Amino acid sequence: MRQRFLALAKALEDLRGADARLLLSLLALVFCVWAFVTVADYVTLGRAQHIDERLMRALRMPGELSKPVGPYWLPGAVRDITALGSAPVLVIFVMAVAGALATRRQYHAVVLLLAATVGGILLNDALKGLFARARPDAALHLTEVRSMSFPSGHAMESAIIYLTLAALVARLVQSRALRLYFLGVAAFLTLLVGASRVYLGVHYPSDVLAGWTAGLAWALLCWTLASYLQRRGSVEQPK
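1. Quick word on the overall build of the protein
- Of regular secondary structure, the protein possesses 9 helices and 2 strands.
- For the protein, the N- to C-terminal ordering of α and β elements is α-α-α-β-β-α-α-α-α-α-α.
- Across the 239 residues that make up the protein, the buried fraction comes to 39%.
- When the accessible area of the protein is evaluated, it comes to approximately 13500 Å², of which 68% is carbon and sulfur surface.

2. What about the packing of aromatic side chains?
- Scanning all chains against the criterion turns up 6 aromatic pairs.
- Judged by centre distance (5.7 Å) and plane angle (35°), the ring pair of F31 and W34 falls under tilted. Of this pair, F31 and W34 both sit in helix 2 (residues 17–44), 3 residues apart, roughly one helical turn.
- Judged by relative accessible area, F31 falls into the exposed class, the value being 53%.
- Assessed through its relative accessible area of 53%, W34 is described here as exposed.
- On the basis of an interplanar angle of 70° and a centroid distance of 4.8 Å, the ring pair of F131 and F150 is categorised as edge-to-face. Remark: F150 occurs in the loop between helix 6 (107–131) and helix 7 (153–170) and F131 occurs in helix 6; sequence separation between them is 19 residues.
- On the basis of relative accessibility, which here comes to 25%, the residue F131 falls in the partly exposed class.
- Take F150: its relative accessible area is 0%, and that puts it in the buried class.

3. Considerations on the packing of helix 4 (residues 74–82) against helix 8 (residues 176–199)
- Contact pair helix 4 / helix 8: the axes reach a minimum separation of 8 Å and the direction vectors enclose 135°. It follows that helix 4 is oblique to helix 8 by the angle criterion. At the point where helix 4 passes helix 8, the crossing takes the left-handed sense. Between helix 4 and helix 8, the contacting residues are L74, P75, V78, I81 and T82 on the first element and L192, V193, S196, R197 and Y199 on the second.
- Of the residues in the contact of helix 4 with helix 8, the class split is 7 nonpolar, 2 polar and 1 charged.

4. A look at the pattern of salt bridges
- All chains considered together, the criterion is met by 4 salt bridges.
- For R146, the salt bridge identified is with E144, shortest N-O distance 2.9 Å.
- Of the residues examined, R146 reaches a relative accessible area of 74% and is grouped as exposed.
- By sharing partners, the salt bridges in this structure join D52, R133 and D207 into a single network.

5. Focus on the environment of L191
- Tracing the backbone shows L191 in helix 8.
- On the basis of relative accessible area, L191 is assigned to the partly exposed category, the value being 45%.
- Each C-alpha atom of the pair L191 and L209 lies 9.7 Å from the other, and the pair is 18 residues apart in sequence.

6. Structural notes on the pairing of strand 2 (residues 64–68)
- With 2 bridges connecting them, strand 1 (residues 60–61) and strand 2 associate as antiparallel partners. Each residue of the ladder has a partner; that of M61, found in strand 2, is E64.
- Counting the residues in the hairpin turn of strand 1 and strand 2 gives 2 residues, including G63, whose phi is positive at 80°.

7. Focus: helix 5 (residues 87–103)
- The terminal C-alpha atoms of helix 5, which comprises 17 residues, lie 24 Å apart, in line with the 24 Å expected from a rise of 1.5 Å per residue.
- Summarising the contacts, the buried residues of helix 5 are in contact with helix 6 and helix 7.
- R105 sits one or two positions beyond helix 5 and adopts a positive phi of about 60°.

8. Focus: unusual backbone geometry
- A cis geometry characterises the amide bond from F150 onward to P151, with omega recorded as -10°.
- Here P151 lies in the loop between helix 6 and helix 7.
- Of note in the backbone geometry, A132 takes a positive phi value of approximately 45° without being a glycine.
- Among the secondary structure elements, A132 is positioned in the loop between helix 6 and helix 7.
- A residue is classified by how much of its surface remains accessible, and A132, at 44% relative accessible area, is partly exposed.

Scoring rules and cut-offs
Residues numbered from 1 in each chain as written. Predicted model: local features only at pLDDT ≥ 70, side-chain atom pairs only at ≥ 80, totals over all residues. Heavy atoms only, no water. Helix = DSSP H or I, 4+ residues; strand = E, 2+ residues; numbered from the N terminus. Buried < 20%, exposed > 50% of the residue type's maximum accessible area, 1.4 Å probe, protein only. Areas by Shrake-Rupley, 256 points an atom, 1.4 Å probe, with all protein chains shown as cover. Phe/Tyr/Trp six-rings, centres within 6.5 Å; stacked < 30°, edge-to-face > 60°. Axes fitted to C-alpha atoms, helices over the stretch in contact; angles between N-to-C directions. Parallel < 35°, antiparallel > 145°, perpendicular 65-115°, else oblique. Left-handed = near helix turned anticlockwise from the far one by under 90°. Contact = heavy atoms within 4.5 Å. Nonpolar A, V, L, I, M, F, W, Y, C, P; charged D, E, K, R; others polar. Salt bridge = Lys/Arg side-chain N within 4 Å of Asp/Glu carboxyl O. Pairing = 2+ DSSP bridges. Expected span 1.5 Å × (residues − 1).

Take a look at the structure:
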């Protein structure tokens, strides 16, 4: 056993930087898929319902489901935040970054961005139809909704698009600190959008958690595929 561990450690040391990043991406992808499946299993079996409802009601005044906790201005501010995960806003960001990449003649990156966006939307629609989970009690709703509840589209699509945009923009700069900043801002926006859906009473916490994990898994899949194609020379390297 000790020899096996030593052999594994030596193999990891021999990995080049690109190989190590690819391996870590694959491991993160597997973890996200596992996390989504676990949450989906709890939801399907009804194990998450009680916890979800308790957390939702904790954000409302006792005995008044239509009145959220917090100062009077907070619901309006949260509705503004949740709009950052809406389709029109996300499309604006995607087209802006796609235009910047096109001016740099990084056409494969544009295709990757558009494929990640469209594929993520279709995947979310498919998952909603598959699980067909009803929304929380309508008395909790502080904004209008129409689709099914699981997983959260705002959480999943913001994770896919903001993280993919941040990864692509980060490739345009040299500073590692600036790259981490872009990714950090994208992650923060994704967290805010998901949390806003719970506060507004239109998604259970498990819906949002599933949306985050599924969105991150899809983004990681796109990143990993792009890295693999770059190494084969099928996609242009970042300039």
